[in-house]
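# Chain and residue survey
Now for the letters of each chain:
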Amino acid sequence: MKRYATYRRQLHLLLLPYLVGTLVLVIAPAALTFVSAFTQYNVLSPPRWVGWQSMRLAIADPLFWIALRNSLYFILLAVPLRVLGALALALLFRRRRRGVGIYRAGVYLPTVIPAVAYALVWLWIFNPLYGPLNLVLRAVGLPAPAWLIDPHLAKLALVIMAGLQIGEGFVLLLAALQTIPRPLYDAAAVDGGSPWQLFSTITLPFLLPWLALLTVRDVIMSFQHTFTPAYVMTGGGPYYATFFLPLLIYEEAFDQFRFGQGAALMLIMFLVTLLLILAVYLLFQGYGYAEDIA
């Protein structure tokens, strides 16, 4: 009994740095942001409680609706592209064969590149005059668009850029594929199952909980991932085509020093994220993500 108590004390000591870090770096800033959303604060004077006024001012701003529409556009295109791309490559490189490790590393590589460096690389790729993408398009006789200059293509360009950062989802689904019992495939093959039948009746049902987890994770991360490319590559332009919610929050808080309104926008973005997560849950419920699947 004494040894068990000693073990529990040691365990608590090991967990203490993590708990302190979570409290200082996550819980405390989140609580301060929530409180600041109901105040008027510009750094130069003490915070003043204004209730829902900051929220109403944020929603009344026309730029808010532009940023929200752009952010939803990005999420609705980028998240399915990333999830389906990770699934397709995981299925393609699931089997161990010669050289497959190099391809797996190539898929994962864009994920470990720092966000600013990744944005600068794509700024060169999308250059309308000497960018390699347009050079290839001209070489095969296709039109070479002005990707980041045309307001109708700028958001799509950022979606394409984000669609190649699928390394984490790729590794997750690659690991998930290894958990599927091989005898299920052998029995289905003996019964004459086609490759599509094997995928739809065995692979996909087993992967649905993993796909739901990956979709939720991508929805959460997509809001954050729009800031760096928009800030570095386009500045929110052209004509506010890539003006996303994180960029609006940054401008309100650190350019205009309206920290209360910036916190209100952050709270709104959090609520929108919760609604999107709820939509994902309802989409996957009953398709492998219900609690009674076990």
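Bear in mind the structure is a predicted one, so any value in this text is a computation, not a measurement.

On to the packing of helix H3 (residues 62–92) against helix H8 (residues 167–178), then. Packed helices, taken two at a time, are described by their axes: the angle between them and the distance between them. Relative to each other, H3 and H8 sit at 50°, their axes nearing to 8 Å. Between H3 and H8, the angle is such that the two are oblique. As for how H3 packs across H8, the hand of that crossing is right-handed. In contact with Val 83, Ala 86, Leu 87, Leu 89, Ala 90 and Leu 91 of H3, H8 contributes Gly 169, Phe 170, Leu 173, Leu 174 and Leu 177. Class assignment of the residues belonging to the contact of H3 with H8 gives a composition of 10 nonpolar, 1 polar and no charged.

Attention now moves to the pattern of salt bridges. Under the definition given, this model contains 4 salt bridges. Glu 168 is the partner of Arg 217 in a salt bridge, and the nearest nitrogen-oxygen pair spans 1.9 Å. Residue Arg 217 is located in helix H10 (residues 195–225), and its partner Glu 168 is located in helix H8; the two are separated by 49 residues in the primary sequence. When its relative accessible area of 26% is taken as the criterion, Arg 217 is described as partly exposed. A salt bridge links Arg 258 to Glu 252; the nearest nitrogen and oxygen atoms lie 2.8 Å apart. Given the relative accessible area of 5%, Glu 252 is considered buried. Via salt bridges that share partners, Arg 82, Glu 168, Arg 217 and Asp 218 belong to a single interconnected network.

For the protein chain, per-residue confidence averages 87 on the pLDDT scale, and residues scoring 70 or more make up 96% of the total. Mean pLDDT across the elements of the protein chain bottoms out in helix H9 (residues 182–190) (81) and peaks in H3 (94). Counting interchain partners and residues more than four positions distant, the pLDDT-below-50 stretch residues 289–294 has 5 contacts.

Another point: the nonpolar core. Phe 126, Met 161, Leu 211, Met 233 and Leu 245 are the most contacted members of the largest nonpolar core, which has 68 residues in total. At 11 residues, H3 tops the list of elements feeding residues into this core.

Mapping Leu 156 onto the fold places it in helix H7 (residues 154–163). Leu 156 sits 125 residues away from Ala 31 along the chain, and the two C-alpha atoms are 35 Å apart.

Let's shift gears to the environment of Leu 25. If you trace the backbone, Leu 25 turns up in helix H1 (residues 2–36). Residue classification places Leu 25 among the exposed residues on the basis of a relative accessible area of 68%. Considering only alpha carbons, one finds Leu 25 and Gln 261, 236 residues apart in sequence, at a separation of 22 Å.

Analysis parameters
Residues numbered from 1 in each chain as written. Predicted model: local features only at pLDDT ≥ 70, side-chain atom pairs only at ≥ 80, totals over all residues. Heavy atoms only, no water. Axes fitted to C-alpha atoms, helices over the stretch in contact; angles between N-to-C directions. Helix = DSSP H or I, 4+ residues; strand = E, 2+ residues; numbered from the N terminus. Parallel < 35°, antiparallel > 145°, perpendicular 65-115°, else oblique. Left-handed = near helix turned anticlockwise from the far one by under 90°. Contact = heavy atoms within 4.5 Å. Nonpolar A, V, L, I, M, F, W, Y, C, P; charged D, E, K, R; others polar. Salt bridge = Lys/Arg side-chain N within 4 Å of Asp/Glu carboxyl O. Buried < 20%, exposed > 50% of the residue type's maximum accessible area, 1.4 Å probe, protein only. pLDDT = per-residue confidence, 0-100. Core = buried A, V, L, I, M, F, W, Y, C linked by side-chain atoms within 4.5 Å.

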